[in-house]
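The residues making up each chain are set out below.
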Amino acid sequence: MTQLLEFTDRGIYCARAGCYIDPKRVVDRAIITHAHADHARRGHKHYLAHRLTVPILHHRLGKKISTQAVEYDEEIIINGVRFSLHPAGHVIGSAQVRVEYGGEVWVVTGDYKLEHDPLAGSFEPARCDVFCTESTFGLPLYRWNDSATVINDINDWWQNNKQNKITSVLFGYSLGKAQRLLASINTSIGPVYVHPAIEQINELFRRERIRIPEVNILSQSVLNEELKTALVIIPPNAMRNGWLDHAGEYSTAYASGWMATQGAPFMRNADTGFVISDHADWDGLNEAVRLSGAQKVYVTHGFTGQFARWLCENGYDAQPADV
Ligand SMILES: [Zn+2]
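This is a predicted model, so every value here is computed, not measured.

Regarding the pairing of strand E9 (residues 95-101)
Where strand E8 (residues 81-87) and E9 come together, 6 bridges link them in antiparallel fashion. In the sheet register, Ser 84 faces E9, and the bridge partner there is Arg 98. Inspection of the sheet shows E9 paired to strand E10 (residues 104-108) by 5 bridges, in the antiparallel sense. Its bridge partner being in E10, Glu 100 is matched across the sheet by Val 105. Between E9 and E10, which pair antiparallel in sequence order, lie 2 residues; one of them, Gly 102, sits at a positive phi of approximately 55 degrees.

Written out as structure tokens, the structure is:
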């Protein structure tokens, strides 16, 4: 008997409906949880995603791709299989995918966090028989402090740099982390500059009436003097391209869950780090599994083996799934 969802070399597949969730190879029909590159890939014939994810898909994958935008909780029926998207709290427009057929319910989380995010909204638990959870931070050493405390630390770091006429450079992904930081930091401390790649995403969300604060755009013509009191937010990969060659003295920081363990190797050249993540921490992952009500759990993306073993030791029928 085939399962409602299968883990194939192209990704999570619903054979009855003929569609994949966040497929990693080119397929005809893809349901996309969110627009990060490891979930939304180029080349599919058709994309279905939340209404706030679709503009980002067009921006990143091409204006001409075929898309269908849906709201949270809106039901799409394909060959008798009922699909619906539910808030994942990861980034603006991110969704869990609920799949129901013949009285059986599966939920695929995509990336998620349980902590409320003023822009990305709140993770909404969906009861199911089978829960497919990510496990990016699926080890007990990953536990986040309250984000308000971390934001205060960022504000203090910026204020201190400003007093010393040192530019504060904060690395954050252009989709998600950058908007969350902009909506949370104390913008009265000084001017805020963002990399153009971040502003492009901001602009797409503003068009959808998401309130992203207005900021300055970093360019080669921004004067050294203007940047001395500024907070500059740039994507991690922008450092290589000489964006700060004219910035004078500056201090760098990563805003990432990886900073809980001194950061990934590429982060270790930053001066400091702030532990703030758009993924669930260890407690969040366990809570999400509990809230799902599922006994059967598949663990994807991250510490799959370790988290699945932990769940088995705690009474679940869990196994890692490579997708
Ligand atoms: Zn993501």
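As for helix H2 (residues 147-163)
Residues lying three or four places apart along an α-helix face the same way, a consequence of the helix completing one turn every 3.6 residues. Here H2 spans 24 Å end to end across 17 residues, near enough to the 24 Å set by a 1.5 Å rise per residue. Those residues of H2 that sit buried are Ile 154, Trp 158 and Asn 161. Along the axis of H2, the buried positions cluster into a sector of 65 degrees, meaning they face one direction only. In H2, the exposed residues that point more than 90 degrees away from the buried face are Ala 148, Thr 149, Asp 156, Asn 160 and Gln 163.

Concerning the sheet that holds strand E5 (residues 46-50)
If you trace the 6 strands from one edge of the open sheet to the other, you get E1-E2-E3-E4-E5-E6, paired in mixed fashion. The sheet is open, and its two borders are formed by strand E1 (6-8) and strand E6 (67-70), each paired with just one other strand. Recorded for the sheet is a direction-independent mean angle of 30 degrees between the axes of neighbouring strands. Looking at chain direction, E1 and strand E2 (residues 11-14) are connected through 3 bridges and run antiparallel.

Things to note about helix H7 (residues 304-313)
Of all the residues in H7, the buried ones are Thr 304, Phe 307, Ala 308, Trp 310 and Leu 311. The buried residues of H7 all sit within an arc of 160 degrees when viewed along its axis, so they share a single face. Its buried side turned inward, H7 meets strand E11 (130-135), helix H6 (282-292), strand E18 (296-302) and strand E19 (317-320). Trailing H7 by a residue or two, Gly 315 shows a phi angle of about 95 degrees, which is positive.

What counts and what doesn't
- Residues numbered from 1 in each chain as written.
- Predicted model: local features only at pLDDT ≥ 70, side-chain atom pairs only at ≥ 80, totals over all residues.
- Pairing = 2+ DSSP bridges.
- Helix = DSSP H or I, 4+ residues; strand = E, 2+ residues; numbered from the N terminus.
- Expected span 1.5 Å × (residues − 1).
- Buried ≥ 20, exposed ≤ 12 C-beta atoms within 10 Å, placed from the backbone.
- Arc of directions from axis to C-beta.
- Axes fitted to C-alpha atoms, helices over the stretch in contact; angles between N-to-C directions.
- Contact = placed C-beta atoms within 7 Å.

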